[in-house]
Amino acid sequence: MAKGIKIGDEVAITATVRRRVTEDRISVSIPSYGFPHSIVDRTSTVKKGQALELTGDVTHIDGDLVTVNLGVPVTVNADTLRLVTSYVPPKRKTPLVDKAT
């Protein structure tokens, strides 16, 4: 499993462009994900075989499989992910419980 990846982290997946589906959508191939995936891309400069980086948040970890939210949940092997930003929980400024009088 990729070290340091936990729930809430922002990760990147390198996908390969398969083809243009419509004028504003392209089909991409995600490594270790057995289904075709399409994304919105309004630029006309992408070409077949070009690599794109998709970013999303980790929502579930099950051993070597990691589920990433790319608009829809995508489950891939942890080896195909690259950590972009680690999740840091918000700091609490006031105590959760009132002080005793």
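Residues numbered from 1 in each chain as written. Predicted model: local features only at pLDDT ≥ 70, side-chain atom pairs only at ≥ 80, totals over all residues. Heavy atoms only, no water.

Q: Quick question: what am I supposed to make of the packing of aromatic side chains here?
A: For any pair of aromatic rings, the description consists of the separation of the ring centres together with the inter-plane angle of the planes. Applying the stated rule across the entire model yields 1 aromatic pair. With a centroid separation of 5.5 Å and 65 degrees between ring planes, the pair formed by Tyr 33 and Phe 35 is classed as edge-to-face. Residue classification places Phe 35 among the exposed residues on the basis of a relative accessible area of 57%. (Phe/Tyr/Trp six-rings, centres within 6.5 Å; stacked < 30°, edge-to-face > 60°. Buried < 20%, exposed > 50% of the residue type's maximum accessible area, 1.4 Å probe, protein only.)

Q: What exactly am I supposed to notice about the environment of Arg 82 here?
A: Looking at where Arg 82 falls in the secondary structure, it is placed in strand β7 (residues 81-85). Residues Arg 82 and Gly 71 lie 11 residues apart in sequence; the distance between their C-alpha atoms is 18 Å. Among residues more than four places away in sequence, those in contact with Arg 82 are Glu 10, Val 11, Ala 12 and Glu 53. For Arg 82, the side chain forms a polar contact with the side chain of Glu 53, separated by 2.8 Å. (Helix = DSSP H or I, 4+ residues; strand = E, 2+ residues; numbered from the N terminus. Contact = heavy atoms within 4.5 Å. Polar contact = N/O pair within 3.5 Å; in protein donor to acceptor, adjacent residues only side chain to side chain.)

Q: I would appreciate a short explanation of the pattern of salt bridges in the present structure.
A: According to the stated counting rule, one finds 3 salt bridges in the structure shown. Note that Asp 9 is salt-bridged to Lys 6, the shortest N-O span being 3.6 Å. Given the relative accessible area of 0%, Asp 9 is considered buried. Measuring nitrogen to oxygen at the nearest pair gives 3.6 Å for the salt bridge that ties Arg 20 to Asp 41. Taken together, the residues span a long stretch of sequence, with Arg 20 in strand β1 (residues 10-20) and Asp 41 in the loop between β3 (37-40) and β4 (51-62) at a distance of 21 residues. You can call Arg 20 partly exposed: its relative accessible area is 31%. Using a relative accessible area of 14% as the deciding quantity, one classes Asp 41 as buried. (Salt bridge = Lys/Arg side-chain N within 4 Å of Asp/Glu carboxyl O.)

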